[in-house]
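A look at the structure
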Amino acid sequence: MFEPLFIIDLTITLLTLVTALMAGRRAGRLARATDDGAAQATRRLRRALYGTVALTALRLVVAGLLLTGGWNLASNRLVVVLPPAVLGLAWAVTAERRNARHGTVGLAPAVHTGVAGVLLSAYWLLVPSGPGDTPASVLISVAVLAAVAAGSTVLARLRAARTGYGAVHAPWLALGLVLALGSVSFLGYQGSLSRPAGHQAGPMDWGGGAVPAQNSAADAHQGHGAQHTGHDSSGGSAGTRDVEDLTGPRARTPDVRYTLTAAHRTVKLASGTTVDALTFNGTSPGPELRVRQGELLEVTLVNKDVKEGVTVHWHGVDVPNAEDGVPGVTQDAVVPGGRHVYRFVPDRAGTFWYHTHRDAAQTVKRGLFGALVVEPPADATPAGSASSGQQPYERVVFTHLWPGKGTQDLVPAFDAADTVRSTSVAPGRPVRLRLINSSDEPQRILLGGAPFTVVAIDGNALNRPAALKARTDLLLPAGGRLDVAFTMGREDFSLRLDGAETPNRAGLALNPGPSKAPAELSRGTLFDPLAYGEPTSGQPAGTDRADRRFEMVFDNGFGFFDGGFTFANTINGRLYPNVPTLMVTEGDTVRMRITNRSIMDHPVHLHGHRVRVLSRNGDAVTGSPWYTDTLNVAPGEVFEIVFSADNPGIWMDHCHNQEHAAAGMVMHLAYTGITSDLHGNGHSPE
Ligand code: C2O
Ligand code: CU
């Protein structure tokens, strides 16, 4: 709903730039006009000036509409972006009304200040800043406007004395100079802020030891009744620990063992399209790993010939830090010919997945991923099977976008099937579908044929979920999972990947009788977890207790990344490695507010922790407790989440659109007293 507003605002801003520059030029012309030309010059100036005013008024309306989504959505516009334009134009309009006669010393400076205000306003919109930058931005605005007003006044007086070409054009030169200097220094300030000395991280190198420390921006809203409980941040009795020591059990004999061998291979999609793929054990998706909750899992990763290097990240499983598979932070990437052993005990049953974390934007897309299913402990009765006595039919379904023929082409598929498939399931048999989105985009899945229940989000069972009517669509965040359950009836049950925006043919049918292609489905109503299921007792939702509060704001705009100047998606106005690390102490309850002011979806994935969603755009979660590890934050959404800092280490917190992450949408959450010296001690993988 807010996405169009962001786009409208960008468009109006660009238009305003044009009209404002015209007004500036015409003010200069008017000052030079002869008595004959003055009337016409005045008219032309007025048109441009009032056009700019009208467009700016529209921007105010847009900001007002954004305000309906919460203060956080509009605050930057109301405090930083719009005031320079409004103040500058107010002065210009006042001057114009008072005296539109040419030769007035006051008019040109007023109009020029208005123009400067509009330019500044565009600048603040296009160069995102974080919550902590507000005072600096406001100061810069004041300084620029004052400089332009003073400079233009002086030069107008000189001009009145007819001192030649230089004086006539000088106001523009001065304005340009001031803005250029201002932009360069502000961008430089943003770019250099907390850049660790001597650190040369590339975009793929998440350099844990060199992560910029402290939560300056994050602590900005500590005022809101947050109480620091005064944890001792010196590392306590444990002293300083290294990430590499935070492993799973090393001495015990594993209950389940797997080997995953990463290798190059051509994968043939169902349509016959071939993909120059990367596979685990020769297939993609890789083998489905299964383990019971509480059992010790051991996975040996072998890299045969993946030159980028490989790691395995256990997406959604809160493993000990050293098992997390993040190159440069928790381990070095495994080079061709190398191996690495992971060991951990999953503490929650549910649907998870694994994928490489080295050059993930390319290597996951090309196939280095698979499912990890954690089953309930042996003595627990599997839900649903008691009533029917039948073994449930279980199936993992990945939604994936495979690299196609052209560099930009992506082929939507369920697993490696970009066409329709069907399978027969006996009537009366309980069905559980484990839907996993391994692509970079949110995927809308259309389901039809029978009512069904969403029983888990990101591997977290929901409390008393009710059956949804057939023709409810599910939106899977990039990296997210939804478990769907129903009992097979007499009707065919169909799944389709939404093709409303990108035409695709992927579909899956479960047939009680003879196999049939899945039904053609059009969009139904979209499932919303906010009010789904029932709250649990003893866990009040809007709990206000927090030891730390962090603010995370997504924007898009210009900034520096990886040695270059780009248009990118930023976190608090910054790009990796300049996004300050969120610092916590073990035992903290951490509240975070996530605001998306950009025009793209950003699925936020915090490693090592599951978070609980408290509210969205001010509406509290009223259904089942909603736990997630991958939260899609759509344009204009504001989420409040809470989690407990109960898994010490240095953890990535990033956008799971891997392309965005590779372009800098990455930050870290670190515990006091934990260090990583993987980076910089010589065994960095590159
Ligand atoms: Cu599934 Cu850091 O990612
Ligand atoms: Cu993103």
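For the structure itself, look to the data block above.
Remember, predicted model here, so these are calculated numbers, not experimental data. (Residues numbered from 1 in each chain as written. Chains lettered and ligands numbered in written order. Predicted model: local features only at pLDDT ≥ 70, side-chain atom pairs only at ≥ 80, totals over all residues. Heavy atoms only, no water.)

A word on the overall build of the protein
To be explicit about the condition: By the criteria applied, helices consist of DSSP H or I runs no shorter than four residues and strands consist of E runs no shorter than two, each listed in order from the N terminus. Any residue under 20% of the maximum accessible area for its type is buried, any over 50% is exposed, and the rest in between are partly exposed; the area is computed with a 1.4 Å probe on protein chains only. Residue contacts are counted whenever heavy atoms from the two residues lie within 4.5 Å of one another. The Shrake-Rupley method, run with a 1.4 Å probe sphere, supplies the accessible areas, and residue values consider only the shown protein chains as cover.
Check the secondary structure of the protein and you find nine helices and 34 strands. Buried residues in the protein amount to 56% of all 686 residues. For the protein, restricting intrachain contacts to residue pairs at least 6 apart in sequence, the fraction spanning at least 24 positions comes to 78%. Carbon and sulfur atoms provide 57% of the accessible area of the protein, an area that totals close to 26900 Å².

Observations regarding unusual backbone geometry
In this structure, the amide linkage connecting serine 284 to the following residue, proline 285, adopts the cis form with an omega of -5 degrees. Structurally, proline 285 can be placed in the loop between strand S3 (274–280) and strand S4 (289–292). Cis geometry marks the peptide bond from tyrosine 576 to proline 577, where omega comes out at 5 degrees. One can find proline 577 in the loop between strand S23 (564–571) and strand S24 (582–584). Positive phi is not limited to glycine here, since asparagine 281 has a value of about 55 degrees.

Considering the coordination of the copper ion (ligand 2)
Rules: Coordination shells were defined by N, O and S atoms within 2.8 Å of each metal, extended to 3.2 Å for Na, K and Ca; water is absent from the atom set, which can make sites look incomplete.
Summarising the metal site, the copper ion (ligand 2) is bound by the protein donors His602 (ND1), Cys655 (SG) and His660 (ND1), whose distances to it range over 2.0 to 2.1 Å. Of note, the donors binding the copper ion (ligand 2) are all from one chain and are spaced H-x52-C-x4-H.

Brief notes about the pattern of salt bridges
How we decide: Salt bridge criterion: a side-chain nitrogen from Lys or Arg within 4 Å of a carboxyl oxygen from Asp or Glu.
Under the definition given, this model contains 36 salt bridges. Between aspartate 9 and arginine 59 there is a salt bridge, with its nearest N and O atoms 2.9 Å apart. One end of the pair, aspartate 9, is in helix H1 (residues 3–32); the other, arginine 59, is in helix H2 (residues 35–67), and 50 residues separate them in sequence. Taking relative accessible area as the criterion, aspartate 9 reaches 1% and is therefore assigned buried. Between lysine 516 and aspartate 492 there is a salt bridge whose closest N-O contact spans 2.9 Å. Placement of the pair is lysine 516 in the loop between strand S20 (507–511) and strand S21 (525–526) and aspartate 492 in the loop between strand S18 (481–487) and strand S19 (493–497), with a sequence separation of 24 residues. Accessibility expressed as a relative area gives 48% for lysine 516, which makes it partly exposed. Look at aspartate 492 and you get partly exposed, because its relative accessible area is 21%. The structure contains a network of salt bridges with shared partners spanning Glu288, Arg290, Arg292, Glu375, Glu394, Arg432, Arg434 and Asp483.

Thoughts on the pairing of strand S25 (residues 589–596)
Definition in use: Here a strand pair is declared whenever DSSP counts at least two bridges between the two strands.
Summarising burial for S25: eight of the eight residues are buried, a large majority. On S25, burial covers both faces: Thr589, Arg591, Arg593 and Thr595 on one face and Val590, Met592, Ile594 and Asn596 on the other are all buried. In this structure, S25 lies alongside strand S31 (residues 638–644), joined through seven bridges in antiparallel fashion. The residue of S31 that forms the bridge with valine 590 is phenylalanine 643.

Examining the sheet that holds strand S33 (residues 666–671)
Here is the rule: Simply put, an axis is a line fit to the C-alpha atoms, just over the touching stretch for a helix, and the angle between two N-to-C directions goes from 0 to 180 degrees.
Read from one edge to the other, the open sheet built from five strands follows the order S24-S33-S32-S26-S30, with strand pairing classed as mixed. The open sheet has two edge strands with one neighbour each: S24 and strand S30 (630–633). Neighbour-to-neighbour, the strand axes of the sheet open up by a mean angle of 20 degrees, direction not taken into account. Bridge count for strand S26 (residues 602–606) against strand S32 (residues 650–655) is three bridges, and the pairing is antiparallel. When the sheet's bridge partners are listed, valine 604 is paired in S32 with cysteine 655.

Points about the pairing of S33
Of all six residues that make up S33, six are buried, and the element is covered over most of its length. Burial along S33 is two-sided: Val666, His668 and Ala670 and Met667, Leu669 and Tyr671, pointing in opposite directions, are all buried. Pairing geometry for S24 and S33, over three bridges, is parallel. Within the sheet, the bridge partner assigned to leucine 582 lies in S33 and is leucine 669.

A closer look at the packing of H2 against helix H4 (residues 107–126)
This is how the line gets drawn: Two helices crossing with the near one rotated counterclockwise from the far one by less than a right angle form a left-handed crossing, whereas a clockwise rotation gives a right-handed crossing. The classification used treats Ala, Val, Leu, Ile, Met, Phe, Trp, Tyr, Cys and Pro as nonpolar, Asp, Glu, Lys and Arg as charged, and all other residues, Gly among them, as polar.
The contact between H2 and H4 brings their axes to 12 Å, and the two run at 35 degrees. Helix-helix and strand crossings are classified by hand; for H2 and H4 the assignment is left-handed. For the pair H2 and H4, contact is made by Leu45, Thr52 and Arg59 and by Leu107, Val111, Val118, Ser121 and Leu125, respectively. The residue inventory of the contact of H2 with H4, partitioned by class, reads five nonpolar, two polar and one charged.

Concerning the sheet that holds S19
Spatially, six strands are ordered S12-S20-S19-S14-S17-S21 in an open sheet, and the strand pairing comes out mixed. Of all the strands in the sheet, the pair left with one neighbour each is strand S12 (420–424) and S21. As paired elements, S12 and S20 share five bridges and run parallel to each other. Across the sheet, residue valine 420 finds its bridge partner in S20, namely glycine 507.

Thoughts on the packing of aromatic side chains
Rule in force here: For this analysis, a ring pair means two rings from Phe, Tyr or Trp (six-membered ring only for Trp) whose centres lie within 6.5 Å, classed as stacked if their planes differ by under 30 degrees, edge-to-face if by over 60, and tilted for the remaining angles.
On inspection of all chains with the given rule, the structure shows 13 aromatic pairs. Ring centres 6.3 Å apart and planes at 80 degrees place the aromatic pair tryptophan 353 and phenylalanine 369 in the edge-to-face group. One end of the pair, tryptophan 353, is in strand S8 (residues 350–355); the other, phenylalanine 369, is in strand S9 (residues 369–375), and 16 residues separate them in sequence. An identical accessibility class is assigned to tryptophan 353 and phenylalanine 369; each is buried.

Here we look at the side chain of arginine 366
Within the fold, arginine 366 resides in the loop between helix H7 (360–363) and S9. If sequence neighbours within four positions are ignored, arginine 366 has contacts with His264, Asp276, Ala277, Leu278, Glu308, Trp402 and Pro403.

A closer look at a nonpolar patch on the surface
The line we're drawing: Candidate patch residues must exceed 30% relative accessible area and have no salt bridge, after which like charges are joined if within 9 Å and Val, Leu, Ile, Met, Phe, Trp or Tyr side chains if within 5 Å.
Taken together, Leu67, Trp71, Val79, Val138 and Val142 make up a surface patch of nonpolar side chains, about 430 Å² in accessible area. Listing elements by their share of the nonpolar patch, those giving two or more residues are helix H3 (71–98) and helix H5 (134–160). Position of tryptophan 71 relative to the elements: it lies in helix H3.

Topic: H4
Basically, it comes down to this: What a helix is expected to span follows from its residue count: subtract one and scale by 1.5 Å.
The end-to-end C-alpha distance of H4, which contains 20 residues, comes to 29 Å, matching closely the 28 Å that a straight helix rising 1.5 Å per residue would cover. The element H4 is largely enclosed, with a buried count of 19 among its 20 residues.

Looking at the environment of valine 579
Tracing the chain through its elements places valine 579 in the loop between S23 and S24. The sequence separation of valine 579 and histidine 668 amounts to 89 residues, and the corresponding C-alpha distance is 8.2 Å.

Looking at a positive patch on the surface
Let me state the cut-off plainly: In this count, Lys and Arg are taken as positive residues and Asp and Glu as negative ones, while His and the chain termini are left out. All charge positions are set by atom: Lys at NZ, Arg at CZ, Asp at CG, Glu at CD.
Residues Arg25, Arg29, Arg32, Arg43, Arg44 and Arg47 make up a contiguous surface patch of positive charge. Elements with a contribution of two residues or more to the positive patch: H1 and H2. Along the chain, arginine 29 falls in helix H1.

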